[in-house]
Amino acid sequence: ARPSPSETKPMGQQCSGGEGTAKTSAFEDWEAITSKPDEDASPTSIEIYPEAVHGNPITEFGDGVVDDCDKIHKAVRGWGTNEKALIETLGGVTQSRRMEIYVKFDDIHGKNLQEVMKSECGSRDMGLALQLLALPPDEAEAMMLKLGKQKRYIYPILCGRSNEEIRLLRRAFYKRYGRDLSVQMKMKLGKSIYERFLMHCLQGFETPYEERYHTPELAAEDARAFHKAGEGKWGTDEEALFEIICRSPPSHLINVDKCYSKLYGGDTHLLEAVDREMGGHVGRATAYAVGMKLQPYRTVARQIKLACQGFGTDELALTMLVIRYQKILAKVDEAHMELYSKSMADRIKAETSGQYRVLLLQVVKAATVAERAAEEDEAEKEAGEEEEE
């Protein structure tokens, strides 16, 4: 049995007694991720789906949804397509609103909205983005997994997810393609360390955070186990590392990271350890999973930068990131500004062009507006509670 919090020592004492040599990570910007863990860590990995995907079916529709559906119908009717109207209607709204439009459009016009976007706008940059925006978020991610032929497109979707959203994604993939997602990934990736890690992620066995179980002693124990499986032995026990990463909730993994640093070098963190022990796609995937638990907003901001750096922008990667993470984009934008001294909008303007650029900017703007509205609602609620007291 684990000791209760009152029976344990402070974190610093639990993690004392180790030595190590600090090394610099080869993963650009990971130092910024580890240097500032999320102070408001969630008890589970961050979730990016709206409530309607989480088992709250749409029974009522917001004002203007029917008008939005008619606007889309008019935009694609006849000769030519009114892309501006589509961008405003699908790019300039929240995930929840788009889900309402998706359902109501089929009710009114008897057509699948994603198929309409594919027929009218094609599958190049903007057309593909509109197709993804025309689907519920879980089905959009299922489509992304099917589209992403290369390994670099897969791990950001599967790593660092909550148990519930992994379950919902698997369900959406089966609904859309009639195939189990694990089977599909095994066929696509073949037998490899990378495939084994993604299979761990797909199992969805992250333990919900409980203070009396996730004690400082357990954090120290996991830090030592992480070192023993990696830097502390000849060869790497990947399965042991995968198990610690996937089962640890964010709050606990942050404490494991702090312990690791105290035990094995003041500037040494889990991300550096992963870097040194595993390279290639599996190294990037495990680092991303750790980053999404230590500091999710900075991790996504870094991934957006990576999609734009080098010779030419990876439009598919950028599209996936902006659309998938719309729910948290406002916080990601703050992290992006802090890391790179420029907003996401500035980066998108510099790296993209045409109506595709306008569409991505609309999604980012809609996320910022929604976040501001949510903060105002929360402030009003708190003020009302204070008045009642």
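Draft legend 1. Summary view of the overall build of the chain. The number of helices and strands found in the chain is 22 helices and zero strands. Among the 389 residues that make up the chain, the fraction classed as buried is 51%. Of the roughly 18100 Å² that the chain leaves accessible, carbon and sulfur atoms contribute 47%.

Draft legend 2. Region of the structure containing the packing of aromatic side chains. Enumeration over the complete set of coordinates arrives at five aromatic pairs. Note on tyrosine 260 and tyrosine 264: the rings are 5.0 Å apart at their centroids and 55° apart in plane angle, and the pair reads as tilted. Within this pair, tyrosine 260 and its partner tyrosine 264 are both found in helix H15 (residues 250-264), separated by four residues, close to a single helical turn. Of the residues examined, tyrosine 260 reaches a relative accessible area of 0% and is grouped as buried. Members of the aromatic cluster, each reached through a chain of ring pairs, are Phe226, Tyr260 and Tyr264. Above the ring of phenylalanine 61, the side-chain terminus of lysine 104 is found at 4.3 Å from the ring centroid. Here the basic side chain of arginine 324 rests over the ring of tyrosine 325, its NZ or CZ set 4.5 Å away from the ring centre.

Draft legend 3. Fine view of helix H13 (residues 216-229). Taking 1.5 Å of rise per residue, 14 residues should cover 20 Å, and H13 covers 20 Å from first to last C-alpha, within 8% of that figure. Residues Leu218, Ala219, Ala220, Asp222, Ala223, Phe226, His227 and Ala229 constitute the buried set of H13.

Draft legend 4. Structural detail: helix H5 (residues 95-109). Helix length check: H5 (15 residues) gives 21 Å between terminal C-alpha atoms against 21 Å at 1.5 Å per residue, within 8%. Looking at H5, one finds that the buried residues are Gln95, Arg98, Met99, Glu100, Ile101, Tyr102, Lys104 and Phe105. Check the buried side of H5 and you find it contacts helix H3 (65-76), helix H4 (83-91), helix H6 (113-121), helix H7 (125-133), helix H8 (137-147) and helix H19 (315-324). Directly after H5, the chain includes glycine 110, whose backbone phi takes a positive value near 65°.

Draft legend 5. Here's a closer look at the environment of lysine 262. Looking at the secondary structure, you find lysine 262 in helix H15. A residue is classified by how much of its surface remains accessible, and lysine 262, at 46% relative accessible area, is partly exposed. In the structure, lysine 262 is positioned 42 residues away from alanine 220 in sequence and 9.7 Å away in space, judged by C-alpha atoms.

Draft legend 6. Local environment of unusual backbone geometry. You will see that serine 341, though not glycine, has its phi angle at about 60°, which is positive. Residue serine 341 is classed as exposed on the basis of its relative accessible area of 63%.

Draft legend 7. Fine view of the pattern of salt bridges. Tallied over the entire structure, the rule returns 18 salt bridges. With a shortest N-O distance of 3.0 Å, aspartate 68 and arginine 97 are connected by a salt bridge. Pair noted here: aspartate 68 is in helix H3 and arginine 97 is in helix H5, with a separation of 29 residues, a long-range link. Among the residues examined, aspartate 68 registers a relative accessible area of 15% and is labelled buried. Glutamate 139 is paired through a salt bridge with arginine 176; the nearest N and O atoms lie 3.7 Å apart. Of this pair, glutamate 139 sits in helix H8 while arginine 176 is found in helix H10 (residues 163-177), placing the two residues 37 residues apart along the sequence. Look at arginine 176 and you get partly exposed, because its relative accessible area is 26%.

Draft legend 8. Broad picture of the confidence of the model for the chain. Averaged over every residue, the pLDDT of the chain is 88; residues scoring 70 or more account for 86%. Per-residue pLDDT stays below 50 along residues 1-11; that stretch engages in 20 contacts with residues further than four places along the chain or on separate chains. Counted against residues more than four places away or in other chains, residues 17-27, with its pLDDT under 50, gives 26 contacts.

How each quantity is defined
- Residues numbered from 1 in each chain as written.
- Predicted model: local features only at pLDDT ≥ 70, side-chain atom pairs only at ≥ 80, totals over all residues.
- Heavy atoms only, no water.
- Helix = DSSP H or I, 4+ residues; strand = E, 2+ residues; numbered from the N terminus.
- Buried < 20%, exposed > 50% of the residue type's maximum accessible area, 1.4 Å probe, protein only.
- Areas by Shrake-Rupley, 256 points an atom, 1.4 Å probe, with all protein chains shown as cover.
- Phe/Tyr/Trp six-rings, centres within 6.5 Å; stacked < 30°, edge-to-face > 60°.
- Lys NZ or Arg CZ within 6 Å of the ring centre and 35° of its normal.
- Expected span 1.5 Å × (residues − 1).
- Contact = heavy atoms within 4.5 Å.
- Salt bridge = Lys/Arg side-chain N within 4 Å of Asp/Glu carboxyl O.
- pLDDT = per-residue confidence, 0-100.

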